[in-house]
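Next come the chains, spelled out residue by residue.
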Amino acid sequence: MSNTNSLPMDCLKMVFNLFPNWKRATEVKKLGYKLHGNPFSTNTRRVLAVLFEKGLSYEPITVDLKAGEHKKDSFLSLNPFGQVPVLEDGNLKLSESRAITQYIAYVHSSRGTQLLNLQSHETMAILTMWMEIEAHQFDPFASKLTWEQVIKPIFGLETDHMVVKENEACLEKVLDVYEKRLGESRFLACNTFTLADLHHLPNIQFLLDTPTKRLFENRPKVRNWVHEITSREAWKMACDQEESWFGKSGNK
Amino acid sequence: MKLHCGLTAENLAAKFGLHEKGLDFEVVFVDWVAGESKTKAFLANFNPFGQVPVLEDGDLKLFESKAITRYLAEQYRDVGTDLLPNDPKERAIMSMWMEINTNQFHPFASTLIRELIIKPYQGLATDFTSVQESEMKLSEVLNIYEARLGEFPYLAGESFSLADLHHLPPIHYMLRMEEEGVKDLIYSRPNITAWVEKMKSRPAWLKTVVKGDHIFELTKQRRLPIQFDASCHELTSVAQTTTMVTGNN
């Protein structure tokens, strides 16, 4: 940058740093990301994680799941499948958390944490494969375990321990494969943290507060990987409901 | 390029993708029902989750059908059908419908396929309660598809893409079931029916299904022959892998 340009830029940066809300508001207006969801929901957190990894601003809009707001007509016009989260970007209304995370990761690939592996089509293919593995092999069991042990009690429903036992047995087999993989590669897709690891975070975080935790603890490589990914700053902020949701101005 | 595959919808999807791209590939039949994908050798060399399809392209070994088709669409961008929209927002819509396939459509469609095709083939009893539940839930999901396909000819918009590709194989199996209720799920919805008919007439699909059907008919008889008709230049046996070389005409 030439000297003649840097002075006004520095002034602007200074002003932005003094008034962080103004900066955020300007960016939200510019980007216009609206995130309809719930800070407690696993799928919403998956998107929040990427927004924080990229340092992107957004307007959180609470959908009251307990009150059944997601099944009402006003929400169904955003997502006819009646599920959170939904990202609004101008005219684009995107549902399905893993489609949203990929969209953000691609559009903002040159910003914040690199969450893709764009070296070659082969490296991206391995990443896509591990994202599919999370969705097809890991999530069915992990999300049932989260449902039984974390969500049901909140709604006053009883945990079905048979279901927990069955799903843990299936998850054990999946984690055996992960253990081997993490012996060969530092993270699932490659040696850097990517979307493939990130997509696991919401369920893993909830399961760490349940007896299922032992499945992760009993496998040394998996244990280290879990520790590393759950310790990320962006993830901690995504889980902090004040920081990620209720503390943001403009939130209803 | 080799495709290790079986008979499920995911395998058809991978083949469909390869044919859309006009790529030459060798088929290695893996008898999933006989447990061939769970052998130590298969788990170690191809897919530790013990499933097909698995694509070998040079040094790359890829499993998960949506990862395979995505790779083909990107690596072989310049040949055959363009399966990926260029614009990031359109691509995001396509991704979304792939996720909808995984999360909303597949759980019920695959239950129907398992209960009404795979279990009878294995000599196991169909759970008709499960079938009824899946029919009901799938019906609700298909109402949304019907509305979508009233607005656009294909799921992601104006053109055929990976999102449509992954729906045809399971629908193909659903339409072959004896259960009228299942076929009705499709045929009672005109937009979905039109979309399915359009896709079924694609040359790549015809290539996919001709070879697939042959084996499908044979498995219905619960046996695989030692040798196919010589004009197909194919050999198969129950305990060994089958290789078929398909040309690109």
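Because the structure is predicted, anything quoted here is derived from the model rather than measured. Each residue is numbered by its place in its chain's sequence as written, counting from 1. As they are written, the chains are lettered A onward and the ligands numbered 1 onward, keeping that order. It should be noted that, the model being predicted, local features are given only for residues of pLDDT at least 70 and side-chain atom pairs only at 80 or more, the latter also being counted only at that level, while totals for whole chains, interfaces and linings use all residues. As a convention, hydrogens and water are excluded, and side-chain values are obtained from all of the structure's heavy atoms.

Student: Describe the overall build of chain A, naming the residues involved and giving the relevant values.
Tutor: A count of helical and extended segments in chain A gives 13 helices and four strands. Exposure categories follow from relative accessible area, calculated using a 1.4 Å probe and restricted to protein chains: below 20% of the type maximum is buried, above 50% is exposed, and the middle band is partly exposed. Taken over 252 residues, chain A has a buried fraction of 52%. We call two residues contacting when some pair of their heavy atoms lies within 4.5 Å. Sequence separation of at least 24 residues holds for 68% of the intrachain contacts in chain A that already meet a minimum separation of 6. Throughout, the Shrake-Rupley method with a 1.4 Å probe supplies accessible areas, and for residues the shown protein chains are the sole cover considered. Element-wise, carbon and sulfur atoms account for 54% of the exposed surface of chain A, whose accessible area totals about 12,100 Å². Think of it this way: any DSSP run of H or I at least four residues long counts as a helix, any run of E at least two long counts as a strand, and we number them from the N terminus.

Student: Hey, could you go over the packing of helix α5 (residues 128-151) of chain B against helix α8 (residues 180-187) of chain B for me, with residue numbers and the actual values?
Tutor: Residues and elements named next belong to chain B. Contact pair α5 / α8: the axes reach a minimum separation of 10 Å and the direction vectors enclose 5°. Considering the angle they form, α5 stands roughly parallel to α8. Along its contact with α5, which presents Glu-135, Leu-138, Ser-139 and Leu-142, the element α8 presents Gly-181, Val-182, Leu-185 and Ile-186. For this classification, Asp, Glu, Lys and Arg are treated as charged, while Ala, Val, Leu, Ile, Met, Phe, Trp, Tyr, Cys and Pro are nonpolar and the rest, including Gly, are polar. Residues of the contact of α5 with α8, tallied by class, amount to five nonpolar, two polar and one charged. Angles run from 0 to 180 degrees between N-to-C directions of axes, and those axes are lines fitted to C-alpha atoms, restricted for helices to the stretch in contact. Working rule for angles: under 35 degrees goes down as roughly parallel, over 145 as roughly antiparallel, 65 to 115 as roughly perpendicular, anything else as oblique.

Student: Got a sec to walk through the nonpolar core? Specific residues and values, please.
Tutor: Working definition of a nonpolar core: buried Ala, Val, Leu, Ile, Met, Phe, Trp, Tyr and Cys residues. They are joined through side-chain atoms within 4.5 Å. Counting residues in hydrophobic clusters, the biggest one holds 132 residues, and the most contacted among them are Tyr178(A), Trp225(A) and Tyr145(B). Ranked by residues supplied to this core, first place goes to helix α4 (residues 88-122) of chain B with 14 residues. The next biggest cluster of nonpolar side chains, apart from the first, holds five residues, and it includes Val63(A), Phe75(A), Val84(A) and Val86(A).

Student: Please set out the interface of chain B and chain A residue by residue, giving values where relevant.
Tutor: Interfaces are often described in size by the accessible area the parts lose on coming together. Taken residue by residue, the interface counts 29 residues in chain B and 28 residues in chain A. A carboxyl oxygen of Asp or Glu within 4 Å of a side-chain nitrogen of Lys or Arg is what we treat as a salt bridge. Inspection of the chain B/chain A interface yields zero salt bridges. Side-chain atoms alone can form a polar contact between residues adjacent in sequence; in general such a contact is a pair of N or O atoms within 3.5 Å, and within protein one must be able to donate a hydrogen while the other accepts it. One can count eight residue pairs in polar contact (both at pLDDT 80 or more) joining chain B with chain A. Contributions of two or more residues to the side of chain B that touches chain A are made by β4 (60-63), α3 (65-75), α4 and α5 of chain B. It is α4(B) that contributes the most residues to the side of chain B that touches chain A, 12 residues altogether. When its residues are assigned to classes, the side of chain B that touches chain A shows 16 nonpolar, six polar and seven charged.

Student: Pulling in residues and values, what's your account of a nonpolar patch on the surface?
Tutor: Residue and element names in this part refer to chain A. Taken together, the side chains of Phe-40, Trp-147, Ile-154, Phe-155 and Leu-157 define a hydrophobic patch exposed on the protein surface, amounting to about 470 Å² of accessible area. Turning to its location among the elements, Leu-157 is positioned in the loop between α6 (121-154) and α7 (161-184). For Leu-157, a relative accessible area of 47% corresponds to the partly exposed category. Patch building starts from residues that exceed 30% relative accessible area and form no salt bridge, then joins like charges within 9 Å and nonpolar side chains (Val, Leu, Ile, Met, Phe, Trp, Tyr) within 5 Å.

Student: Quick rundown of the UniProt feature "domain: GST C-terminal" (unreviewed entry) in chain A? Include the residues and the values.
Tutor: UniProt positions are given in the numbering used here, feature names are shortened, and annotations may be inferred rather than shown by experiment. Following the UniProt record, one finds the feature "domain: GST C-terminal" (unreviewed entry) at residues 120-246 of chain A. A helix fraction of 77% and a strand fraction of 0% characterise residues 120-246 of chain A, whose end C-alpha atoms lie 40 Å from each other.

Student: Can you tell me about the packing of α4(B) against α5(B), naming the residues and giving the values?
Tutor: Helices that pack against each other are described as a pair by the angle of their axes relative to one another and the distance between those axes. Residues and elements named next belong to chain B. Contact geometry for α4 and α5: axes closest at 8 Å, N-to-C directions at 155°. By the criterion of interaxial angle, the relationship of α4 to α5 is roughly antiparallel. Considering how the two elements wind past one another, α4 and α5 form a crossing that is left-handed. Across the interface between the two elements, Ile-93, Trp-97, Ile-100, Asn-101, Gln-104, Phe-105, Phe-108, Ala-109, Thr-111, Leu-112, Glu-115 and Leu-116 from α4 touch Phe-128, Ser-130, Val-131, Ser-134, Glu-135, Lys-137, Leu-138, Val-141, Leu-142, Tyr-145 and Arg-148 from α5. Within the contact of α4 with α5, the residues separate by chemical class into 14 nonpolar, five polar and four charged. By convention, the crossing between two helices is left-handed when the near helix turns anticlockwise from the far helix through less than a right angle, and right-handed when the turn is clockwise.

Student: Go over the pattern of salt bridges with me, naming the residues and quoting the values.
Tutor: Residue and element names in this part refer to chain A. Within this structure, the stated rule accounts for 18 salt bridges over all chains. Residue Arg-232 is joined to Glu-53 by a salt bridge in which the shortest nitrogen-to-oxygen separation is 2.7 Å. Remark: Glu-53 occurs in helix α3 (residues 42-54) and Arg-232 occurs in the loop between α11 (220-230) and α12 (233-239); sequence separation between them is 179 residues. Assessed through its relative accessible area of 23%, Arg-232 is described here as partly exposed. Residue Glu-53 is classed as buried on the basis of its relative accessible area, which comes to 8%. By sharing partners, the salt bridges in this structure join Arg-46, Arg-98, Glu-134 and Asp-139 into a single network.

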